[in-house]
Amino acid sequence: LAARSGRPGAVPLAVLAGTLPGTLYDVQQAWNETIVFGALAGAGVLLAVRRPWWAAACFAVALCTKQHVVLLLPLWAVWPAFGLRRAVAAAAGAAAVTLPFFLWNPGRFWHCVVEFFVDLPARTDSLSVWQWVPGPLATATVLLLVVAAYALVLRGVPRTPGGLLLGSGLVLAAFDLANKQSFLNQWL
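My aim in this report is to walk through the structure given alongside it, one point at a time. (Residues numbered from 1 in each chain as written. Predicted model: local features only at pLDDT ≥ 70, side-chain atom pairs only at ≥ 80, totals over all residues. Heavy atoms only, no water.)

Some points on the overall build of the protein chain
Okay, step 1: On a plain count of helices and strands, the protein chain comes out with eleven helices and zero strands.
Okay, step 2: The order of helices and strands in the protein chain, counted from the N terminus, is α-α-α-α-α-α-α-α-α-α-α.
Okay, step 3: Split into buried and exposed, the 188 residues of the protein chain put 37% on the buried side.
Okay, step 4: The long-range fraction of contacts in the protein chain, counting pairs at least 24 apart against all pairs at least 6 apart in sequence, stands at 67%.
Okay, step 5: Here the protein chain displays about 10,600 Å² of accessible surface, and carbon together with sulfur accounts for 73% of that area. (Helix = DSSP H or I, 4+ residues; strand = E, 2+ residues; numbered from the N terminus. Buried < 20%, exposed > 50% of the residue type's maximum accessible area, 1.4 Å probe, protein only. Contact = heavy atoms within 4.5 Å. Areas by Shrake-Rupley, 256 points an atom, 1.4 Å probe, with all protein chains shown as cover.)

Right under this line is the structure:
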């Protein structure tokens, strides 16, 4: 894989990131973030070795694992190595995986996927700035930080698979910085 990507450190770096002590803690405490991390890292490696459709499959796994990964869809859609077609395919794949859960009980699905996170009161133990932002500005702060992260990524990050992962991390970090429920597992 390293020879095909032209970047001999890409695969060992992905393996290292997957075995960090924080990652192992995340596996034990919040397995879904670990799946998101692994799926995004896998997608980045697959892009580096020029397997973009397999990368789309990994991105679909990330999308159907955690709601806020949808914030990355526009970024992945405009990224040259990934593109709009694969972003749409990944979204369709994630929708296909989650459709049976929706059809089984649409009300419960909507509650667990959307209402639980939107309507839940802010937590004072969140590792974010949400609790210090005045009420009416809280949602605007989240949106502003995500837009600022997008601007930073689109303006200054190299258009490489590693740049896409870095950009994805910046967008998710901006979201976590102001999200009302950001905890250690999201930050890891």
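Comments concerning unusual backbone geometry
Okay, step 1: The residue arginine 50 is not glycine, and still its phi comes out positive at about 65°.
Okay, step 2: Within the secondary structure layout, arginine 50 lies in the loop between α4 (31-48) and α5 (52-65).

Re the pattern of salt bridges
Close approach of charged atoms lets side chains of opposite charge pair.
Okay, step 1: Following the criterion strictly, the structure yields one salt bridge and no others.
Okay, step 2: The partner of glutamate 33 in a salt bridge is lysine 66, with the nearest N and O atoms 3.2 Å apart. Of this pair, glutamate 33 sits in helix α4 while lysine 66 sits in the loop between α5 and α6 (73-78), and the two are 33 residues apart along the sequence. Taken individually, glutamate 33 and lysine 66 each receive the classification buried, so the pair is uniform in this respect. (Salt bridge = Lys/Arg side-chain N within 4 Å of Asp/Glu carboxyl O.)

Here's the deal with a nonpolar patch on the surface
Okay, step 1: Residues Trp31, Ile35 and Val61 make up a contiguous nonpolar surface patch of about 290 Å² in total accessible area.
Okay, step 2: Looking at isoleucine 35, the relative accessible area reads 34%, which means it is partly exposed. (Patch = residues over 30% accessible without salt bridge, like charges linked within 9 Å, V, L, I, M, F, W, Y side chains within 5 Å.)

Examining helix α10 (residues 161-178)
Okay, step 1: For α10, with 18 residues, the first-to-last C-alpha span of 26 Å sits near the 26 Å given by 1.5 Å per residue.
Okay, step 2: Those residues of α10 that fall on the buried side of the exposure criterion are Pro161, Gly163, Leu164, Gly167, Ser168, Val171, Leu172, Ala174, Phe175, Asp176 and Ala178. (Expected span 1.5 Å × (residues − 1).)

A few points about the packing of α4 against α5
Okay, step 1: Running from N to C, α4 and α5 cross one another at 165°; their axes reach a closest spacing of 8 Å. Judged by the inter-axis angle, α4 sits roughly antiparallel to α5. Where α4 crosses over α5, the handedness of that crossing is left-handed. Of the residues in α5, those touching α4 at Asn32, Ile35, Val36, Ala39, Leu40, Gly42, Ala43, Leu46 and Leu47 are Pro52, Trp54, Ala55, Cys58, Phe59, Val61, Ala62 and Thr65. (Axes fitted to C-alpha atoms, helices over the stretch in contact; angles between N-to-C directions. Parallel < 35°, antiparallel > 145°, perpendicular 65-115°, else oblique. Left-handed = near helix turned anticlockwise from the far one by under 90°.)

Digging into the packing of aromatic side chains
Okay, step 1: In this structure the tally under the stated criterion is four aromatic pairs.
Okay, step 2: Ring geometry for phenylalanine 59 and tryptophan 76: centres 4.3 Å apart, planes at 10°, overall stacked. Remark: tryptophan 76 occurs in helix α6 and phenylalanine 59 occurs in helix α5; sequence separation between them is 17 residues. You'll find phenylalanine 59 and tryptophan 76 in the same group, each marked buried.
Okay, step 3: Here the aromatic rings of tryptophan 76 and phenylalanine 82 are separated by 4.9 Å at their centres, their planes lie at 90°, and the arrangement is edge-to-face. Each member of the pair, tryptophan 76 as well as phenylalanine 82, is classed as buried. (Phe/Tyr/Trp six-rings, centres within 6.5 Å; stacked < 30°, edge-to-face > 60°.)

Considering the nonpolar core
Okay, step 1: Counting residues in each nonpolar core, the largest one holds 39 residues, and the members touching the most others are Leu40, Phe59, Leu72, Leu75, Trp76, Phe82 and Val171.
Okay, step 2: At the level of secondary structure, the elements contributing two or more residues to this core comprise α4, α5, α6, α7 (83-104), α9 (135-156) and α10.
Okay, step 3: Sequence-distant contacts of leucine 72, that is, excluding residues within four places in its chain, are made with Leu40, Phe59, Tyr150, Ser168, Val171 and Leu172. (Core = buried A, V, L, I, M, F, W, Y, C linked by side-chain atoms within 4.5 Å.)

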